[in-house]
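# Geometric and topological summary
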Amino acid sequence: TFSVWADNMDTCAPWVMPMDDNSLRSVLKYARDRGYQVRISGAAHSAGGLATDGKDPNVFVLSLGDYVAPGEWQFGLTDLPDGSKRATVNAGWTQLHLYAKVRHLGYFLPAQTAGYFFQLGGIVANSVHGGGYNRGFIHSYVTRLRVMLHDGEIAVKEDLRYWRNSFGLLGIILGIEFQLEKRERLQMYTEQRNMKSWGAEDFWKFIKED
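First, a word on what this report is: a plain description of the structure on this page. Computed from a predicted model, the values in this text were never measured in an experiment.

Here we take up the overall build of the protein. A count of helical and extended segments in the protein gives four helices and ten strands. Listing the helices and strands of the protein from first to last along the sequence gives β-α-β-β-β-β-α-β-α-β-β-β-β-α. By residue count, 38% of the 210 residues in the protein fall in the buried class. When the accessible surface of the protein is split by element, carbon and sulfur atoms take 50% of a total near 12,600 Å².

This is the structure we're talking about:
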């Protein structure tokens, strides 16, 4: 049953986790034949009630947490002529899954989220937890999507204008192709500063200049 990360909502709403394309099609057909509404969940990090509050018996939540994609859409790397790489990856994976495959090779997403545990499909379908300063949201670096439409048809989309930040309203994102960035050296550290006053001007001076 569906619950959220903060443990402030624990419902009896069904939380369905299909394992492949055929079982996902079966879930959608079942919902369509019986009049259910399907809500797509990421890693359940959203504020309580956005996917479901458990009060509507005609709603169930669908997650790709157990989904396995076919072939390269589970995971694959492509070398481009300019020396860069793109990664195709299961949309049910988290950033931790992706970085376990590419970080030791020195490749990263161009932007960074607030944590490693957000599901990639949720990051692309939303604008939360997906950006970095002087960078766009992570969904800005998506080059292709493998999606399933309401009728079970699967398509690979290269025109992504309406799929980024689509909240699952156009279909289910099954696989993502990301642009990767080579970083020979990566250093993370904490900067601590005592400020004489607290206000917008001092804050942005610290971010942009200091």
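Ranked by size, the top nonpolar core spans 42 residues in total, and within it L98, L120, L145, I173, I176 and F178 carry the most contacts. Looking at this core, the elements with two or more residues in it are α1 (21-34), β3 (59-63), β5 (85-90), α2 (95-102), β6 (107-108), α3 (120-125), β7 (142-148) and β9 (172-179). If we skip the residues at most four places from it in the chain, L120 touches V89, N90, A91, W93, T94, Q95, L98, I176 and F178.

Turning our eyes to something else, we now look at the packing of aromatic side chains. Counting across every chain of the model gives eight aromatic pairs. Between Y30 and Y36, the ring centres sit 6.0 Å apart and the planes meet at 15 degrees, which makes this aromatic pair stacked. Accessibility expressed as a relative area gives 29% for Y36, which makes it partly exposed. Grouping aromatic residues by their ring pairs yields a cluster made of Y30, Y36 and F60.

Going through the model one piece at a time under the given rule, you end up with eight salt bridges. Here E72 and R144 are joined by a salt bridge, their closest N and O atoms 4.0 Å apart. Of this pair, E72 sits in the loop between β3 and β4 (75-79) while R144 sits in strand β7; the two residues are 72 residues apart in sequence, bridging distant segments of the chain. Residue classification places E72 among the partly exposed residues on the basis of a relative accessible area of 39%. Residue E177 is joined to R144 by a salt bridge in which the shortest nitrogen-to-oxygen separation is 3.1 Å. Taken together, the residues span a long stretch of sequence, with E177 in strand β9 and R144 in strand β7 at a distance of 33 residues. Judged by relative accessible area, E177 falls into the buried class, the value being 6%. Among the charged side chains, a network of salt bridges with common partners joins E72, R86, R144 and E177.

To continue, consider the environment of M195. Positionally, M195 belongs in the loop between β10 (181-182) and α4 (200-208). Counting along the chain gives eleven residues from M195 to F206, while the straight-line C-alpha distance between them is 9.2 Å. Not counting the four nearest positions on each side in its chain, M195 is found in contact with D202, F203 and F206.

Reading across from one edge, β4-β5-β9-β7-β8 is the order of the five strands in this open sheet, with antiparallel pairing throughout. In this open sheet, the two strands that pair with only one neighbour each are β4 and β8 (154-157). On average, adjacent strands in this sheet sit at an angle of 15 degrees to one another, irrespective of strand direction. Seen against the sheet, α1 touches β7, β8 and β9 and runs at an angle of roughly 60 degrees to β7. Set on the sheet, α2 makes contact with β4, β5 and β9; between it and β4 the angle comes to about 50 degrees.

A word on the environment of Q37. Along the chain, the position of Q37 falls in strand β2 (residues 37-41). Its relative accessible area of 39% is what places Q37 among the partly exposed residues. Residue contacts for Q37: discarding those within four places in its chain leaves N58, V59 and F60.

So, on to the sheet that holds β2. Strands sit in the order β1-β3-β2 across an open sheet of three strands; the sheet is parallel. Since the sheet does not close on itself, it has two edges, and those belong to β1 (15-16) and β2, each with one partner. Note that β2 and β3 share five bridges and pair parallel. Across the sheet, R39 pairs through a bridge with V61, a residue of β3. Sheet contacts for α1: β1, β2 and β3; angle to β3, the most-contacted strand, approximately 170 degrees.

Conventions we followed
- Residues numbered from 1 in each chain as written.
- Predicted model: local features only at pLDDT ≥ 70, side-chain atom pairs only at ≥ 80, totals over all residues.
- Heavy atoms only, no water.
- Helix = DSSP H or I, 4+ residues; strand = E, 2+ residues; numbered from the N terminus.
- Buried < 20%, exposed > 50% of the residue type's maximum accessible area, 1.4 Å probe, protein only.
- Areas by Shrake-Rupley, 256 points an atom, 1.4 Å probe, with all protein chains shown as cover.
- Core = buried A, V, L, I, M, F, W, Y, C linked by side-chain atoms within 4.5 Å.
- Contact = heavy atoms within 4.5 Å.
- Phe/Tyr/Trp six-rings, centres within 6.5 Å; stacked < 30°, edge-to-face > 60°.
- Salt bridge = Lys/Arg side-chain N within 4 Å of Asp/Glu carboxyl O.
- Pairing = 2+ DSSP bridges.
- Axes fitted to C-alpha atoms, helices over the stretch in contact; angles between N-to-C directions.

Treat this as a map of the structure, not an account of what it does.
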